[in-house]
Amino acid sequence: MKKLIQRLLGKTRGRTEAEERPDPSAAQRNAPAAATADKRTGRRRKPPVSQSAKRSSPRKKGGGKPAPKAAAERPPEPSSAWDMSRFTVPEAAGKVRFHDLDFPEPVMHAVYDLGFQYCTPVQSEILPSTLKGMDATGRAQTGTGKTAAFLITVITAMLRNPAPADRKSGMPRVLVLAPTRELALQISSEAEDLSRYCDFRIVSVFGGVDLERQRKQLTRGPVDIVVATPGRLLDFQRRKNIHLNNVEILIIDEADRMLDMGFIPDVRKIVYSTPAKDRRQTLFFSATLDDAVNRLAQSWTRGAVTVEIEPEQVAVETVDQVIYIVTQEQKFALLYNIIEKKGLERVLVFCNRKDETRRLADLLWRYGIDCAILSGDVPQNKRTRRLNDFKSSKIRVLVATDVAGRGIHIEDMDHVVNYTLPQDPEDYVHRIGRTGRAGAAGTSISFADEDDSFQIPAIEEFIGRKIDCTMPDESWLTPPAPIPGRRKKRAPRGAGNPAPKRGGGSGPRSRRSGSRSGRGRRPRSRPRGAKS
């Protein structure tokens, strides 16, 4: 009996141990089964996730994917595999190389990645002084390389003078003021490019977007560079989210535009909240330096070196300009044929008024050219998306007012069209400055009809040269054939609602249009220069 009991106990222990011990062959057999489809539901089952794996992937509140790091908080890209021997630029008479200015290696690595070799005139004149900590006043437009000049200055200064480790959030070392959201975004983007091998945080703040989101970026940790428009920056100052008493370098860009837009009282408040001008470096830039702008520069800078790049240098030397003499009715046909026959993939077209941009974008879309509008009526998030789509060639034509005339840098855009000539000659220079940037070649095409022709003498006087005025070839004035059914679908991005259908056309008639009660919308007249 005793032996029988011991034998039974032994079998029980063996069975228990076998159940507790995992069978590797069974695990291998069951592993693929975990990812196979459930026969009852038809859904694919995922293999179980261990608790340690769950803990290793942090998630946002409420589940979802792991929260990505903000772009400004990405660690600097490793540059250990790169050395200066890879960056060779031959000496050239009358040109200054970046090698000649003794920049830190992270700056030179970024310059190498961006394809820069020689300094532009404004860079070669201003960098030797600003790198020594001197104030500067510059008369230069966008497209001359001034943005890279002041960004390289501040990045070099911060690398040579590291910040203390106990810095508080919301206290930037560098403040850049810009008049428009587009310019602020452009400066911030260039700052990211030039500081890609540095451990710097860059935050841009401007109106038209969620304030709380920007507040979190400001207060998340120490900030090195803040690029801001005056109004939104004052909002954060009133909320005590940002403190400017430790600003080391203050940059004021497009000061004349801020003066024109009435921002100077706001700018003055901001400047007076930074350290005194003998305890900070100030870089002041403007497209013009008239008496009012000069007074501002003198009051905010100390012993500043002055650099002036004449506006006609940009317009004359790098941009091929032509004006076509046409009638108002011929403009659209000429624009369409220029885009199609030249095979242009990215064209920036300027109009003077917002209603003109809507009508032109509607026409372009109806005749098969993908386009979008950029004007003051477009919300900031849409403006940013359209600019990015245009830069990535998802949009072929961007129809814009002068809101895009300054501060927008688009690589490899070699054609700008003035559908209507601006009334201010300076705006003409700003428009064509979107092409032929930083010494690259570009082409500006302008249309002058019976109204616009009166602007030509003032423009020629302003840029100091005659512009070639010619009649287009007759074949380029032939209106395009319409695309059947195109106008019955959606309107182009930013062009508003589709145009109402014309009475008597093909296709189903709207119930309201032409009703006896007269409530129908008035049909739009035939577009000029286009066949029905």
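Residues numbered from 1 in each chain as written. Predicted model: local features only at pLDDT ≥ 70, side-chain atom pairs only at ≥ 80, totals over all residues. Heavy atoms only, no water.

Residue Glu254 is not a glycine yet carries a positive backbone phi of 55°. Tracing the chain through its elements places Glu254 in the loop between strand E5 (249–252) and helix H10 (255–260). Located in the positive-phi region is Ser393, a residue other than glycine, with phi close to 65°. Relative to the helices and strands, Ser393 resides in the loop between helix H16 (380–391) and strand E11 (397–400). (Helix = DSSP H or I, 4+ residues; strand = E, 2+ residues; numbered from the N terminus.)

Another aspect to go through is the confidence of the model for the protein chain. For the protein chain, mean pLDDT is 78; residues scoring 70 or higher make up 71% of the total. Contacts of residues 16–74 to residues separated by more than four positions or lying in other chains number 33 contacts, the stretch itself having pLDDT below 50. Every residue in residues 496–532 is under pLDDT 50, and counting partners more than four places away or in other chains gives 52 contacts. (pLDDT = per-residue confidence, 0-100. Contact = heavy atoms within 4.5 Å.)

What the seven strands build is an open sheet, ordered E10-E11-E9-E12-E13-E8-E14; its pairing is parallel. Of all strands in the sheet, those with a lone pairing partner are strand E10 (371–374) and strand E14 (468–470), marking the two edges. Sheet twist, expressed as the mean angle between neighbouring strand axes with direction ignored, is 20°. (Pairing = 2+ DSSP bridges. Axes fitted to C-alpha atoms, helices over the stretch in contact; angles between N-to-C directions.)

What follows covers the sheet that holds strand E4 (residues 225–228). What the seven strands build is an open sheet, ordered E3-E4-E2-E5-E6-E1-E7; its pairing is parallel. Two strands bound the open sheet, and with one partner strand each, they are strand E3 (202–205) and strand E7 (305–308). Adjacent strand axes in the sheet meet at a mean angle of 10° when their direction is disregarded. Across four bridges, strand E2 (residues 174–177) lies against E4 in parallel orientation. Residue pairing across strands places Val174 opposite Ile225, the latter belonging to E4. The strands touched by helix H12 (residues 291–300) within the sheet are strand E1 (136–139), E5 and strand E6 (281–286), with E6 carrying the most contacts at an inclination of about 170°.

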